[in-house]
Amino acid sequence: MCMLSADVAKILIDEVALRQRVRELGEQISRDYCGQDLLLVCILKGGVVFLSDLMRHIDVPHEIEFMAISSYGDATESSGIVRIMMDLAVPIKGRNVLIVEDIVDTGYTLAYVKGLLSTREPASIRICALLDKAERRKVPLQIDYVGFEIPNEFVVGYGLDFQGRYRNLPYVAVLKPERYRKQPGK
Ligand code: PRP
């Protein structure tokens, strides 16, 4: 079987629910930033699918920038060691920054990113995360916009990966247990 979707055990959030919630978040962000400068900072790679849908529902002028962070490597547990793979290409001093992320788990990644970006003196800094695995939190973190709170399961799809794959699934899903074993060549 070559179909990626055959690896899925359970769909946690389907396409209809994602579309609806992302639209609501975009509308809320549009209201909150009406008349203000806005810079969306997407955390690669997982945030990219969410960003591309979210920005099409944000009806105020804004720019997008990217940062690449890695904290998981190929593991399914966060290591707590956050590495910047690619920093922002622009200064953010005086800007209203909204960090766009796919998931907050332990919170290590965004606590680190928010702390780092705060030292660059933005006018404001907020967080928008599609998924919040709140019961796993290890460090306190305010998430200003949350799509869905989810249980403690390792999820893939809509930007989220396992060993680099499954980001393209159009829904958020849990894989069959045998699929979480190491893949050949990974
Ligand atoms: C994932 C996710 C967050 C982070 C959340 O990134 O995109 O950045 O883990 O975990 P935490 O709250 O426990 O820190 P990952 O390292 O898998 O990189 P990716 O986005 O490139 O897949």
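Just so it is clear, the model here is predicted, and its values are computed rather than measured.

Peer 1: Help me understand helix α1 (residues 15-32), please; the structure alone is not making it clear to me.
Peer 2: Residues lying three or four places apart along an α-helix face the same way, a consequence of the helix completing one turn every 3.6 residues. Look at α1: 26 Å from first C-alpha to last across 18 residues, which is about the 26 Å you get at 1.5 Å a residue. Among all positions of α1, only Leu 18, Arg 21, Val 22, Leu 25, Gly 26, Ile 29 and Ser 30 are buried. Regarding α1, its N-cap is Asp 14, as a side-chain oxygen of that residue lies 3.2 Å from the backbone nitrogen of Val 16 further along.

Peer 1: Please explain the sheet that holds strand β8 (residues 155-156) as it appears in this structure.
Peer 2: Pairing between the strands of a sheet comes from backbone hydrogen bonds, and it takes one of two forms, parallel or antiparallel. Overall, antiparallel pairing links the three strands, which are arranged β1-β9-β8 in an open sheet. In this open sheet, the two strands that pair with only one neighbour each are β1 (8-13) and β8. Pairing of β1 with strand β9 (residues 172-175), which is carried by four bridges, proceeds in the antiparallel orientation. When the bridges of β9 are listed, Ile 13 appears paired with Val 172.

Peer 1: Sorry, what's going on with the packing of aromatic side chains here?
Peer 2: Centre-to-centre distance and the angle between the planes together describe a pair of aromatic rings. By the definition in use, this model includes three aromatic pairs. An angle of 80° between the planes, with centres 5.6 Å apart, marks the rings of Phe 154 and Tyr 180 as edge-to-face. With Phe 154 in the loop between β7 (145-149) and β8 and Tyr 180 in the segment after β9, this pair connects stretches of sequence that are 26 residues apart. Between Phe 162 and Tyr 180, the ring centres sit 5.3 Å apart and the planes meet at 80°, which makes this aromatic pair edge-to-face. You can see Phe 162 sitting in the loop between β8 and β9 and its partner Tyr 180 sitting in the segment after β9, a full 18 residues away along the chain. By way of ring pairs, the aromatic residues Phe 154, Phe 162 and Tyr 180 are connected into one cluster.

Peer 1: Even after reading the chapter, I still don't get helix α3 (residues 108-118), so can you show me in this structure?
Peer 2: Thr 109, Leu 110, Val 113 and Leu 117 are the residues of α3 that are buried. Angularly, the buried residues of α3 cover 85° about the axis, an arc narrow enough to put them on a single face. At its buried positions, α3 is contacted by β2 (39-44), β3 (63-70), β5 (96-104) and β6 (124-132).

Peer 1: Hey, could you run me through the nonpolar core in this one?
Peer 2: Buried together is how nonpolar side chains tend to be arranged in soluble globular proteins. Counting residues in each nonpolar core, the largest one holds 28 residues, and the members touching the most others are Ile 29, Phe 50, Leu 54 and Leu 131. When residues of this core are traced back to their parent elements, those giving at least two are α1, β2, α2 (48-54), β5, β6, β7 and β9. When residues of this core are assigned to their parent elements, the largest contribution, four residues, is made by α1. The contacts of Phe 50, once residues within four sequence positions are left out, are Val 22, Leu 25, Val 100, Glu 101, Cys 128, Ala 129, Leu 130 and Tyr 158. With 19 residues, the next largest nonpolar core counts Val 41, Val 82, Leu 117 and Leu 141 among its residues.

Peer 1: For this particular structure, what's the right way to read the pattern of salt bridges?
Peer 2: Note on pairing: side chains with opposite charge can pair once their charged atoms come close. Tallied over the full model, the rule gives twelve salt bridges. Two residues, Asp 7 and Arg 179, come together in a salt bridge whose shortest N-O distance is 3.0 Å. Within this pair, whereas Asp 7 is found in the segment before β1, its partner Arg 179 is found in the segment after β9, the two being separated by 172 residues in sequence. Note on Asp 7: relative accessible area 12%, which makes it buried. Across the pair Arg 95 and Glu 63 runs a salt bridge, and its minimum N-O distance is 3.2 Å. Of the two residues, Arg 95 is situated in the loop between β4 (83-86) and β5 and Glu 63 in strand β3; the sequence distance between them amounts to 32 residues.

Peer 1: Explanation requested: the site of the ligand in the structure shown.
Peer 2: Taken together, 19 residues form the shell around the ligand, and within it Glu 101, Asp 102, Thr 106, Gly 107 and Thr 109 come nearest. Here an oxygen atom of the ligand and a side-chain polar atom of Asp 102 are 2.6 Å apart. The backbone of Asp 105 places a nitrogen or oxygen atom 2.8 Å from an oxygen atom of the ligand. With the chains in place, 93% of the 500 Å² that the ligand exposes on its own is no longer accessible. It is β5 that provides the largest number of residues to the shell around the ligand, a total of four residues.

About the cut-offs
Residues numbered from 1 in each chain as written. Predicted model: local features only at pLDDT ≥ 70, side-chain atom pairs only at ≥ 80, totals over all residues. Heavy atoms only, no water. Helix = DSSP H or I, 4+ residues; strand = E, 2+ residues; numbered from the N terminus. Expected span 1.5 Å × (residues − 1). Buried < 20%, exposed > 50% of the residue type's maximum accessible area, 1.4 Å probe, protein only. Polar contact = N/O pair within 3.5 Å; in protein donor to acceptor, adjacent residues only side chain to side chain. Pairing = 2+ DSSP bridges. Phe/Tyr/Trp six-rings, centres within 6.5 Å; stacked < 30°, edge-to-face > 60°. Arc of directions from axis to C-beta. Contact = heavy atoms within 4.5 Å. Core = buried A, V, L, I, M, F, W, Y, C linked by side-chain atoms within 4.5 Å. Salt bridge = Lys/Arg side-chain N within 4 Å of Asp/Glu carboxyl O. Near = heavy atom within 4 Å. Areas by Shrake-Rupley, 256 points an atom, 1.4 Å probe, with all protein chains shown as cover.

By themselves, these observations are geometric and do not establish any function.
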